[in-house]
Amino acid sequence: MRPMTLLRLQPLALAAATLLGTPALAQTVPAQTDEAAQLEKVTVTARKREETLQDVPVAVTALTAQSLDRLAVRNLGDLQGQVPSLTIYAARGSNSTLTTFIRGVGQADPLWGVDAGVGIYLDDVYMARPQGALLEVFDIERIEVLRGPQGTLYGKNTIGGAVKYVSRALGTATSGNVALAVGNHGLLQAKGMLGGATEDGQFRARLALAKSDRDGYGKNLTDGSDVSNQDTGAARIQAGWFPEGLPLNVQVSADRTRDDSNMRGFQRMAVNRFDPAATPASTGRYDIASGMPNKNYTHAGGHAITLGFDLGKDWSGKLISAYRSSDTDTSIDFDGLPNKIADVRALYSDNSRSHELQLARSGGGVIGLYRFEGDAGGQVLNNFFNLSFGDTRGQVYTKSNAAYVDWEWELSEALSLSTGLRYTSEEKRAVVLNRAYKDATFSVPIATVSDFDKTRKVSNTSPKLSLGYELSKDTKFYATASRGFKSGGYNIRANVTAVPSSSKPFEDETLDSFELGAKLRLDEGRLELNSAVFHNKYKNVQLSVFTSFTQANGQPGFFGDFTNAGRATVNGLELEMIWRPTRNLTLRGNASVIDAKYDEYLDRGVNVADQKKFSNTPKTSGALDVEYRMPFALGGELRARAGVSYRSKVYPTTDLSEVIAQPGYSLWSAGLIWERDRHWTFALQGTNLGDKAYRTDGYNIAALGVLDGFYGAPRQVSLSASYKF
């Protein structure tokens, strides 16, 4: 289906969506089926208890391991196009640093000390930093994407939504699998898992491993080394004790990710005026000619212990204590040339500890206490024109305590009321020392542009009210009003010499969300139609912006500011569907329309809201996937799949550069999956089959002559085989 065809269908989708809320893109728990081949029911834990996707009154998309395999989702970045109103991709400088937006809310700058707008959760543990958060998908049970504020259900208040990565649960029988894949661009990928238990099932364990290697999409023309390649490895180990006769269980887990890939390549989209050779703008999407070391690694991981206990009388509890850390060392050559025009080396490190106590009532209710302590720091070394040398150095210490409750009452057989409340008390301390140096050794400071140690304490109370109405067992409606909160902080890039106000804190964000949704199961269980329409009032929008200025020595410079834009209104509509008209044919699709506008955007005291647009927020997006399954002559079943996704024009950066902006585009994918038997599966998969060039991010820094565009992956084709036992 062409993009224009999709656009022509939007009025019908809009009309239908006012009666519709969020579908099952995955299959897990079998439903009662007949000759008509009803859809399987999907179980989620979006509200901290098991519910079918069609019963939960929340805008949530769920994809199980089977769906993720069929859609060729190898990491979280591949979710883009599969979930309405979601923008998710690898950040411009790294393969494993994640940028995520939901309904216009997110954070594109991976600067330490700044909270994400969308929370990433690995087995209920909050991942505080985007470095290492672009998780490889392996040994997984499902991924859930919740849209809208989630503070009354999740430990760290995530103002825009949450992405939940749920690992496969520990089993009582010996099981395992091995999967190998090869593909173009030298792809070689291996994944494996082995799990087992004692005969009585009291002690269980599982080990999962994943390794992905791929040649670069481009080259560093200076030395011939790969750029935009992949060299990642991940491991996860789980163990559990489930004693007979005791109302408790104990589970421990540890995971580690190593990303030793090289630099990201990009397209230089203009001649850099500071380049003596006046090198023409590049035509390739990924080739650069950097003079910096081709270095870019992130090592991240953590461990957790979870105590589950049965309190009787429909009550259960869970206590989760976790530790996470990451280290990143990356070269960022803004100019992409051998000359030292804008060369930056960035070092990030962080560690965090969290403790969460959850008490859940089977009839509908969660009470939680949450404690988070984080220490995030780093140093960014800037070499501009080989004349100006400076660094950004600092630590941000965060202490956050929260209490939350989400409770449901059955007002009648058809009507239910859910109320929630969250109280947060948070302290952020920023210790910043930013200096200028004599030369590129960064050993002799000549000036201090910022030196402060400041602490900011805030508290917030955020409510939620939701009403659900069950017209029939297959027709359900809900209405929700909720508030989201994200704390402010300090700009660790502060330069009080050039911008005296930069040491002042940026303010907390709040978002008041109003949502109507419906979830329908039609055509004797063969069709599910879900939708949500929302109206969000967004205040103190936090933005990272680059500002050019002239330094004291007369050299041009730029300042990375972190500021509040003001107020905005975001309206939108989301529609998802899955339809199986026959046993053999399945259609899945989603669409979203978002109208995001600033009501107030103050620039030096002037309201320029009418000149500003939201970044990473397409007005329209959608996808359609068609799968046909049939018996295969060599045994088993063959599944043939084809899909297309569409996104309208997107501004990846807050400067709203029209050159970097990505016009509307479509991506095509297809796959052939042969399930020979319950052990063997073979697959031929292809993504971006049209080899579309599309930008996901960029840099526009006029003071340094920099105008760069970062592109998504080109055409990728892979052949895989997996064995399960």
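Residues numbered from 1 in each chain as written. Predicted model: local features only at pLDDT ≥ 70, side-chain atom pairs only at ≥ 80, totals over all residues. Heavy atoms only, no water.

A.B. asks: I would appreciate a short explanation of the overall build of the protein in the present structure.
C.D. replies: For the protein, the helix and strand inventory stands at 2 helices and 40 strands. Its C-alpha radius of gyration of 25 Å places the protein within 12% of the 27 Å reference for a compact globule of 725 residues. Dimensions along the principal axes, computed over C-alpha positions, put the protein at roughly 80 × 55 × 55 Å. Looking at the 725 residues of the protein, the share that counts as buried comes to 58%. As displayed, the protein offers around 28,700 Å² of accessible surface, 57% of which is attributable to carbon and sulfur atoms. Measuring between centres, the 80 positive side-chain charges of the protein sit 2 Å from its 78 negative side-chain charges. (Helix = DSSP H or I, 4+ residues; strand = E, 2+ residues; numbered from the N terminus. Rg over C-alpha atoms; globule rule 2.2 N^0.38 Å. Buried < 20%, exposed > 50% of the residue type's maximum accessible area, 1.4 Å probe, protein only. Areas by Shrake-Rupley, 256 points an atom, 1.4 Å probe, with all protein chains shown as cover. Lys, Arg positive; Asp, Glu negative; His and termini not counted. Charge placed at Lys NZ, Arg CZ, Asp CG, Glu CD.)

A.B. asks: What should I look at first to understand the nonpolar core in this one?
C.D. replies: Grouped burial of nonpolar side chains is what soluble globular proteins tend to show. Counting residues in each nonpolar core, the largest one holds 36 residues, and the members touching the most others are W112, F334, F384, Y699, I701, L704 and V706. Broken down by secondary-structure element, the contributors of at least two residues to this core are strand 21 (342-361), strand 22 (365-384), strand 24 (415-437), strand 30 (556-564), strand 38 (695-701) and strand 39 (706-711). In this structure, L704 is in contact with N272, F274, I341, A342, F384, F385 and F558, ignoring residues within four places of it in sequence. (Core = buried A, V, L, I, M, F, W, Y, C linked by side-chain atoms within 4.5 Å. Contact = heavy atoms within 4.5 Å.)

A.B. asks: Please explain the pattern of salt bridges as it appears in this structure.
C.D. replies: Under the definition given, this model contains 53 salt bridges. Across the salt bridge formed by K464 and D406, the nearest N and O atoms sit 2.8 Å from each other. Of this pair, K464 sits in strand 25 (residues 445-472) while D406 sits in strand 23 (residues 388-410), and the two are 58 residues apart along the sequence. One exposure class covers both K464 and D406, and it is buried. Within the structure, one salt-bridge network assembled from shared partners comprises R70, E627, E637, R639 and E675. (Salt bridge = Lys/Arg side-chain N within 4 Å of Asp/Glu carboxyl O.)

A.B. asks: Would you explain the pairing of strand 35 (residues 637-647) in this entry?
C.D. replies: Within a regular strand, side chains alternate between the sheet's two faces. Along strand 35, 8 of the 11 residues are buried, which leaves the element largely enclosed by surrounding structure. Where strand 34 (residues 620-631) meets strand 35, 11 bridges bridge the pair, whose relative direction is antiparallel. Among the inter-strand pairings, G622 is bridged to a residue of strand 35, identified as Y646. Bridge count for strand 35 against strand 36 (residues 665-675) is 11 bridges, and the pairing is antiparallel. Across the sheet, R647 pairs through a bridge with Y665, a residue of strand 36. (Pairing = 2+ DSSP bridges.)

A.B. asks: Just to check I follow, could you spell out the confidence of the model for the protein for this structure?
C.D. replies: Atomic detail in the predicted coordinates should be set aside for any region of low pLDDT. Summary statistics for the protein give a mean pLDDT of 91 and a share of 94% for residues scoring 70 or more. Counting interchain partners and residues more than four positions distant, the pLDDT-below-50 stretch residues 1-36 has 103 contacts. (pLDDT = per-residue confidence, 0-100.)

A.B. asks: How do you make sense of the packing of aromatic side chains when you look at a structure like this?
C.D. replies: The way to describe two aromatic rings as a pair is by their centre distance and the angle between their planes. What the rule picks out here adds up to 24 aromatic pairs. Between Y598 and Y601, the ring centres sit 5.2 Å apart and the planes meet at 85°, which makes this aromatic pair edge-to-face. Neither residue differs from the other here; Y598 and Y601 are each classed as buried. Both rings, one in W680 and one in F682, keep their centres 5.8 Å apart while their planes meet at 5°; by these two values the pair is stacked. Judged by its relative accessible area of 34%, W680 is partly exposed. Clustering of aromatic rings is evident, with ring pairs tying together F632, W674, W680, F682, Y723 and F725. Over the aromatic face of F452 sits the side chain of K454, whose NZ or CZ is 5.4 Å from the ring centroid. (Phe/Tyr/Trp six-rings, centres within 6.5 Å; stacked < 30°, edge-to-face > 60°. Lys NZ or Arg CZ within 6 Å of the ring centre and 35° of its normal.)

A.B. asks: Looking at this model, I keep getting lost on the environment of L311. Mind explaining?
C.D. replies: For L311, the position within the fold is in strand 19 (residues 296-312). Residues L311 and S450, spaced 139 residues apart in sequence, show a C-alpha to C-alpha distance of 53 Å.

A.B. asks: I tried to follow unusual backbone geometry on my own but got confused; where do I start?
C.D. replies: Apart from glycine, the bulk of residues carry a negative phi angle, and the bulk of peptide bonds sit in the trans form. The phi torsion at A278 lies on the positive side, around 50°, for a residue other than glycine. Summarising the element assignment, A278 is placed in the loop between strand 18 (267-268) and strand 19. The exposure class of A278 is partly exposed, given its relative accessible area of 43%. Although it is not a glycine, K313 adopts a positive phi angle of roughly 50°. Tracing the sequence through the fold places K313 in the loop between strand 19 and strand 20 (315-333).

A.B. asks: Sorry, what's going on with the sheet that holds strand 8 (residues 125-127) here?
C.D. replies: The pairing of strands in a sheet comes from backbone hydrogen bonds and takes either a parallel or an antiparallel form. Taken in spatial order, the 5 strands line up as 3-9-10-7-8 in an open sheet, and their pairing is mixed. The two strands at the open ends of the sheet, each matched to only one other strand, are strand 3 (60-64) and strand 8. Taking the axes of each pair of neighbouring strands and ignoring which way they run, one obtains an average angle of 20° across the sheet. Summarising the sheet, strand 9 (residues 140-147) and strand 10 (residues 161-167) pair through 7 bridges and their orientation is antiparallel. Residue pairing in the sheet places R147 in a bridge with G161 of strand 10. (Axes fitted to C-alpha atoms, helices over the stretch in contact; angles between N-to-C directions.)

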